[in-house]
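Report on the structure
What follows is each chain in one-letter form.
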Amino acid sequence: MHSVIRPVAFPFFAAVAALLLGVTMHGQMRAGQGKLQARRSSPTAAGAGQTLPETKLSVLLAAQQSALQSGDPGGMEAATRPLLAELLRQMSQVRLIEGKGSSAVDLTRESLALQPSAETRLELASLLLRTGDAKGAAGETATVVASEPRSAVAWAVRGSALRASGDDRSAADAFSKSLAIQPDVSVAYALASSLLALHEKEKAQKVLEQIIAASGNAAIQHVAAGDAYREARYLPEAVAEFKKAIALDPRGGHAEFFLGYTYLQMNEWGPNSQSFEHLRAAVRQAPRDYLSNFYLGAVESTDGTDLASSNRHLHVAAEADPRSPEVWLYLGLNAVRLKNTEEAKTYLRKAVALTGDDEARNNYQIRRVYAVLGRILIGEGNHAEGDALLAKYKSSERHVINNSANSIASVAADDDAHAALSGAAAAKVSFPGMNSAALPGLEQGARAPSAPSGGAGAPTAEEARKIAATERQLSELLGSGFNDLGSAEARSGRYQDALGHFQEAERWAEPSRALLHNIGAAAFRVGDSAESARALRLFLNKAGDPRDPAQDDRSRMMLAMSLFQIGQFGDAEKTFAQIPAATMQDQRAAYSWAYSLAHSGQQQHANAIAAELMQQSPPSDVLSLVCHIYMDTEDYEHSLGCYRSAYAADPSLRMAHYQAGESLIRLDRPGDAVAELKQELALQPGNPDVQYSLAFAMLQSGQRGGAVSLLESLTAENPTHAQAQYQLGKALLEDGKTAAAVDHLELAIKSDPGPDYIHYQLQAAYRKAGRMEDADREMKIYRDIKARTRDNSVPKPAPKQAPSK
């Protein structure tokens, strides 16, 4: 029984985009300053050095330049958005050429978001079709035909999407609507293909005959008609059309290849004399052609009688498209049969690498490589890699079995490790009806799209160079354009929008100093301190002499404040130190500097700045912030005086009495603290922090009864207040109320199991209650924590974190 040759879908062409206009633009625009330096050369043809006629992109560039020079934010934005949308569309085409379909889809979506248009939405639908999302494509086309029911292209693309979704009836209706609006050969062929899929052969035949007649009986139209029949498995009809094409033009339209391919299909994909005859004829006609050489080499490999000839043809195919994994698969299998193990491993590994994550390609044909290469490696003693490949083979085989209803055949690997032929091209004419311009009406001699004429589309070195140059130019233009858009939005006060577009500019191109400043300033405006710090650090470290030293000082101020906000106090104080005069002129900045110093171990310097701020008679809210500096540096005498000054200036100021009480507790004056804390409690009756500190001060000053009563009330309202539960449990234990003490101490541990002293107090309560095992457990926990932290501090209310700006 012969091995099976499997048909697969494969593109004939990988289109190579012309090099983009020879355009560069270097803009430096800062929000609020309107500085712009732009240089745009005349558009030139790629690689030709010739001036192009006016294009959509050149028009948009000129309009945007004029708007930028006007300085009007609204006009700038209105002109920049369509320019960016067009640039994104062009970049999506570059990504498509590079084989990055998902990136092309994303870029087209971005273009659509910037400038909604039916044309872009149809391009998105086309891209979704190419990346396998037929449902998404159908949804996009439904939106377009709803708004533009007289668009022939929209109905054509919708038909393609519906066909790909398996709805041939609706697809045929859509193609018919497109043709009723505007005749188009591609759409007519698509209609015929849909009708054939619906087994409405007579209707399809009439459409195909009309196309052929309108073309003057051209050979290429018979090739296209034959492929439509072949795809629908009307194979005798396909053979007849290909033979007609050969009779009219023996070398035209790849008819010999198509005929050989169809004979393979008629023979259940097994080699046969007719397929050999016509594939060899196709190779004679086009000796360097990818498809003909690949299929002939693959058929010869499957036949196995002339592996040398097979290798010759497969190597020609590999030169035409070295990125095709199927070529290396068959070269590897041939090497196995010729016992060239090292060569086989090289080829098979290449097939694996080129397939990558696309294991489903060509009905999981890569599973053959997994099986063969895995066995080779295991035979050499490399069990780890070999077993992994065999496991992947089994997984792929399960996918094939699950999908067998959708495949022509499912063939297990032969015992001789020679896989079934899984060629790289179904060799069919495509009928997108989307990106091709509408051809003349059928009655005027319309013609079909050209048949394949070359390899599978690997770009030449020169083409690859042009693609890379195009990508660089587009990236530069996108970076400049998004910076311009962000600048316009910033001028209008829309800093969040501006930040997003400045960041998008950075994504596309190496950021200039101006762009980094824009990102930092916009992020600072919207409170994104981490992003502001990142960008402003880069801005200040960027090579090049600053043109505006004052702006650099303002940037250092924003950087210092951003670093302060994100808690990088060491870096913040160093940055403030670079601009001491400017920092001291802004009381909040001066506070931030002092706070950063205090948290960087420079208490003396922090206190000096605090003292200087005190002499400036700041408003009460700033004064309260300054007082925190004294608390953080444990200068409680000065913090007490500072807070008393603050509430003297503003008796309604919250937390000033509280912090004065905290200072007195740390000065071991709990009795005086009670008075301050009661005054705070009068301002904030339900504040649990104030209640706890008051209870603690009362305990320390011998006012036990009032403290316990206050703690009972506090824990009833706030059962997760660990310190209040701890102090209440400790007081109850001292009063001999052991059971109640245990309850409160256990609640304290549940809310905060970290402090060692709570575990110690709980173990003491357990011992008094006679629960020795529990006591020993808590004692062990206590000792473990002590060993880790060596923290013997007496529990007192911790000073509150100083508020940020």
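Residues numbered from 1 in each chain as written. Predicted model: local features only at pLDDT ≥ 70, side-chain atom pairs only at ≥ 80, totals over all residues. Heavy atoms only, no water.

A tally of helices and strands in the protein yields 39 helices and 2 strands. Of the contacts made within the protein by residues no fewer than 6 positions apart, 58% connect residues no fewer than 24 positions apart. Summed over its atoms, the accessible surface of the protein is roughly 35000 Å², and 50% of this surface lies on carbon and sulfur atoms. (Helix = DSSP H or I, 4+ residues; strand = E, 2+ residues; numbered from the N terminus. Contact = heavy atoms within 4.5 Å. Areas by Shrake-Rupley, 256 points an atom, 1.4 Å probe, with all protein chains shown as cover.)

Before going further, it helps to examine the state of the cysteines. Counted according to the given criterion, the structure contains 1 disulfide. Between the sulfur of C627 and that of C642 lies a disulfide, 2.0 Å long from S to S. Measuring the twist about the S-S bond at about -85 degrees, one finds the C627-C642 disulfide to be left-handed. Here C627, found in helix α30 (residues 620-632), pairs with C642, found in helix α31 (residues 636-649); they are 15 residues apart in sequence, far enough to count as distant. Note on C627: relative accessible area 0%, which makes it buried. (Disulfide = S-S within 2.5 Å. Buried < 20%, exposed > 50% of the residue type's maximum accessible area, 1.4 Å probe, protein only.)

Overall, the coordinates contain 49 salt bridges when judged by the stated rule. Between R349 and E385 there is a salt bridge whose closest N-O contact spans 2.6 Å. Of this pair, R349 sits in helix α17 (residues 341-355) while E385 sits in helix α20 (residues 383-402), placing them 36 residues apart in sequence. Relative accessible area serves as the criterion here: at 30%, E385 is assigned to the partly exposed category. In this structure, the salt-bridge partner of E489 is R494, at a minimum N-O distance of 3.6 Å. A relative accessible area of 0% places E489 in the buried class. Each of K56, E86, R89, E119 and E123 takes part in a single network of salt bridges with overlapping partners. (Salt bridge = Lys/Arg side-chain N within 4 Å of Asp/Glu carboxyl O.)

Grouped together as the largest cluster of nonpolar side chains are 94 residues, with contacts concentrated most on F257, F294 and V327. The element contributing the most residues to this core is helix α8 (residues 185-197), with 9 residues. Judged by nonpolar contacts, the second largest core, of 84 residues, contains L536, M557, C627 and V674. (Core = buried A, V, L, I, M, F, W, Y, C linked by side-chain atoms within 4.5 Å.)

Turning our eyes to something else, we now look at the packing of aromatic side chains. Tallying each qualifying case throughout the model produces 19 aromatic pairs. Considering the side-chain rings of F564 and Y595, the 5.7 Å spacing of their centres and the 85 degrees angle between planes classify their relative orientation as edge-to-face. Taken together, the residues span a long stretch of sequence, with F564 in helix α25 (residues 549-565) and Y595 in helix α28 (residues 587-598) at a distance of 31 residues. Of the two residues examined, F564 and Y595, each falls in the buried class. Pairing Y692 with F696 gives two aromatic rings, centres 6.3 Å apart and planes at 40 degrees, and the pair type is tilted. Linking Y692 with F696, this pair stays in helix α34 (residues 688-700), spanning 4 residues, or about one helical turn. (Phe/Tyr/Trp six-rings, centres within 6.5 Å; stacked < 30°, edge-to-face > 60°.)

Taking 1.5 Å per residue as the helical rise, helix α7 (residues 168-181) with its 14 residues ought to reach 20 Å, and the 20 Å between its terminal C-alpha atoms agrees with that figure. Of all the positions in α7, only D168, A171, A172, A174, F175, S178 and L179 are classed as buried. When α7 is viewed along its axis, its buried side chains cluster within an angular range of 165 degrees and face the same direction. The inward-facing, buried residues of α7 contact α6 (152-164) and α8. (Expected span 1.5 Å × (residues − 1). Arc of directions from axis to C-beta.)

Turning to the side chain of E680, a few remarks are in order. Locating E680 in the fold gives a position in helix α33 (residues 670-683). No salt bridge is formed by the buried E680. Its closest oppositely charged neighbour is R654, at 5.7 Å. In this structure the side chain of E680 is engaged in a polar contact, spanning 2.7 Å, whose partner is the side chain of Q684. Every residue in contact with E680, bar those within four places of it in the chain, is listed here: R654, M655, A656, H657, Y658 and V690. (Lys, Arg positive; Asp, Glu negative; His and termini not counted. Polar contact = N/O pair within 3.5 Å; in protein donor to acceptor, adjacent residues only side chain to side chain.)

Moving on: the confidence of the model for the protein. Looking at the protein as a whole, its pLDDT mean stands at 82, while 83% of the residues score no less than 70. Within the model, pLDDT remains below 50 along residues 404-457, and this stretch shows 165 contacts once partners closer than five positions in the same chain are excluded. Low pLDDT, under 50, characterises residues 791-805; the predicted model gives this stretch 38 contacts beyond four residues in sequence or across chains. (pLDDT = per-residue confidence, 0-100.)

Before going further, it helps to spend a moment on the side chain of D552. Inspection of the secondary structure puts D552 in helix α25. A residue is classified by how much of its surface remains accessible, and D552, at 5% relative accessible area, is buried. A polar contact is formed between the side chain of D552 and the side chain of R513, at a distance of 3.1 Å.

Here we take up the packing of helix α11 (residues 235-248) against helix α12 (residues 255-266). One can describe the packing of α11 onto α12 by two numbers: an axis separation of 9 Å at closest approach and a directional angle of 160 degrees. Taken together, the axis directions place α11 and α12 in an arrangement best described as roughly antiparallel. Crossing handedness for the pair α11 and α12: left-handed. Here L235, A238, V239, F242, K243, A245 and I246 of α11 lie close against α12, whose contacting residues are A255, E256, F258, L259, T262, Y263, Q265 and M266. Within the contact of α11 with α12, the residues separate by chemical class into 11 nonpolar, 2 polar and 2 charged. (Axes fitted to C-alpha atoms, helices over the stretch in contact; angles between N-to-C directions. Parallel < 35°, antiparallel > 145°, perpendicular 65-115°, else oblique. Left-handed = near helix turned anticlockwise from the far one by under 90°. Nonpolar A, V, L, I, M, F, W, Y, C, P; charged D, E, K, R; others polar.)

When two helices pack together, their arrangement is given by the angle between their axes and by how far apart the axes lie. Axis separation between helix α13 (residues 273-285) and helix α14 (residues 290-303) bottoms out at 9 Å; the angle between their running directions is 140 degrees. Note on packing geometry: the crossing formed by α13 with α14 is left-handed. Contact residues: α13 offers F276, L279, R280, A282 and V283, while α14 offers S292, N293, Y295, L296, V299, E300 and D303.

The next point concerns the environment of L536. Looking at the secondary structure, you find L536 in helix α24 (residues 529-541). Taking relative accessible area as the criterion, L536 reaches 0% and is therefore assigned buried. Residues L536 and D552, spaced 16 residues apart in sequence, show a C-alpha to C-alpha distance of 9.5 Å. Leave out the neighbours within four places in its chain, and L536 touches G520, S555, M558 and L559.

Let us now look at the environment of S151. Along the chain, S151 turns up in the loop between α5 (134-147) and α6. Under the relative-accessibility criterion, S151 is labelled buried at 14%. For the pair formed by S151 and A118, sequence separation is 33 residues and the distance between their alpha carbons is 9.6 Å.

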